[in-house]
Every structure is written in structure tokens, then in C-alpha cells.
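# Topology and contacts: notes
The primary structure of each chain is shown beneath.
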Amino acid sequence: MYQWHDRGVTFLPCSDLTAAEWIATSDEHWWKLVTMGPAGFPAYARLRFIPDPTYEGQSENEVGRPSGILSDMEQLRVAAGSLLRHTGSPSEGYLLIWDGWGEDSFPDLVLRAPRVVVPGREYYLCRVSLSDFVSGTIEDSWQAKTDRAMPPPAFIWPKDRAWCITQDVDPHWASIGAEQAMIDPLLTEPRLDVVRVEANQKLPFYF
């Protein structure tokens, strides 16, 4: 494991990929896996960064982000913070970060780590303090090392796998898998737009 302790921030790019095997070896179709996350959670929800399309074939370029809305990364941090508070999950957790953001976007320690591979995607696995992620200190440390904003994680989960947030680069939303009692507070979180995902629901996408 490559060590990165910066001003008390815990962020450790992993050489041992065991913690991500539950994702890498999933039987889910790859597209469903990278958009909805691992199967098996009792409930799922979508965190919408922008509103859903209003008609079939709508382009995302036609939709502007409403003023006053948090950035995607800020919304992911709010969601992760809520899940940590309402589940009692340990602060220790993991991030998978898509390798497609370009080498200049990553600290050297991350680039030296092996990748987690699923069909259509490759990721760097990092062990983190989720509290540091929620507070934004990991982002600040990342930017200090790269002079670039930290890319949004594709998967976020605690060590006990009580929940998982999944965000692919294509959809305008992230998926949250957890117990319904963990998701319920997110549905009323005023800084987020979170909606339930029903079984066999056709999910919206922009084109």
C-alpha cells in the first residue's frame, strides 16, 4: 500500500485490490454495475445533479444547472456524510476513481497503483477516511499535489459495505444503495435532489 498522510489526511492508494473484489467480480452487467452499483442492497435511490430529461432523446447540453446548486463533488460529500451519520458505519472506507480523467489529474502515488478492472472501465482503489472525504480535506490535499481538482469518485463505500454510492461519467445522477432507513434522510435533505429507484424502473438518461 502506498502511503499518503498529508496534514493528518488519510488517503492510501492500494496495491492490494482485495477490498474491491465485490465490485470487480460482480455478476451484474457492466453497465448496470457502473451506473447503479453492486446488487444486493435492500433499497436504491438516485442523486440527481440536474433534473431528469423531459423528453426522449433530450441533450444534456440543453439543460443548465440551477443557480445555487452545489457541485457534483459537494453533493457526493453531503450524501456520504448523511450515510455516515445515520448508519454508524466506520469512517474507514474506499474510493474507486476512474482512470480516464488523464494522468495529469492524479498524484504520482495513485498512478503507481494497480487498477481495478471491470468491463468498460478501470479504476484506482484508495483507502480513505470517509470523514476526511466528507470534510473536503482529501480534495484540498489532492489539489495541492496536482494543481487540479480531484475527480469525483466512481464508487464510495465504508469498510463494512453498509452502503455504496456509485457515479459513472455518463449519467446525470449517482446511485445510492443502502437500507431504506439510511436512504430516507437523503430524500428530505434540502441540499440534494434524491429520489427512490423502484424495482425494474426504466432509468432516465440524456443523449
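Scope of this entry: the structure provided in the associated data block. As the structure is a computational prediction, the values presented were derived from the model and not from experiment.

### Thoughts on helix 6 (residues 137–146)
Residues three or four positions apart in an α-helix share a direction because the helix packs 3.6 residues into each turn. The complete set of buried residues in helix 6 reads Ile 138, Glu 139, Ser 141, Trp 142 and Thr 146. Taken end-on, helix 6 shows its buried residues confined to a sector of 165°, consistent with a single buried face. Looking one or two residues past helix 6, Asp 147 carries a phi angle of roughly 60°, positive in sign.

### Quick look at the nonpolar core
With 37 residues, the main nonpolar core has Phe 11, Leu 47, Trp 163 and Ile 165 as its most contacted residues. The leading source of residues in this core is helix 3 (residues 72–87), at seven residues. If sequence neighbours within four positions are ignored, Leu 47 has contacts with Gln 75, Leu 76, Ala 79, His 172, Trp 173, Ala 174, Ile 176, Leu 192, Asp 193 and Val 194. Counting residues in each nonpolar core, the second largest holds 22 residues, with Leu 33, Tyr 123, Val 197 and Leu 203 among its members.

### Side note on the packing of aromatic side chains
The full count for this structure, using the stated rule, is twelve aromatic pairs. With a centroid separation of 5.6 Å and 25° between ring planes, the pair formed by Tyr 94 and Trp 157 is classed as stacked. Of this pair, Tyr 94 sits in strand 4 (residues 92–98) while Trp 157 sits in strand 7 (residues 155–158), and the two are 63 residues apart along the sequence. Owing to a relative accessible area of 12%, Tyr 94 belongs among the buried residues under this scheme. Ring pairs connect the aromatic residues Trp 22, Phe 41, Tyr 44, Tyr 94 and Trp 157, which therefore count as one cluster.

Cut-offs applied
Residues numbered from 1 in each chain as written. Predicted model: local features only at pLDDT ≥ 70, side-chain atom pairs only at ≥ 80, totals over all residues. Heavy atoms only, no water. Buried < 20%, exposed > 50% of the residue type's maximum accessible area, 1.4 Å probe, protein only. Helix = DSSP H or I, 4+ residues; strand = E, 2+ residues; numbered from the N terminus. Arc of directions from axis to C-beta. Core = buried A, V, L, I, M, F, W, Y, C linked by side-chain atoms within 4.5 Å. Contact = heavy atoms within 4.5 Å. Phe/Tyr/Trp six-rings, centres within 6.5 Å; stacked < 30°, edge-to-face > 60°.

No statement about biological role is implied by the geometric values presented.
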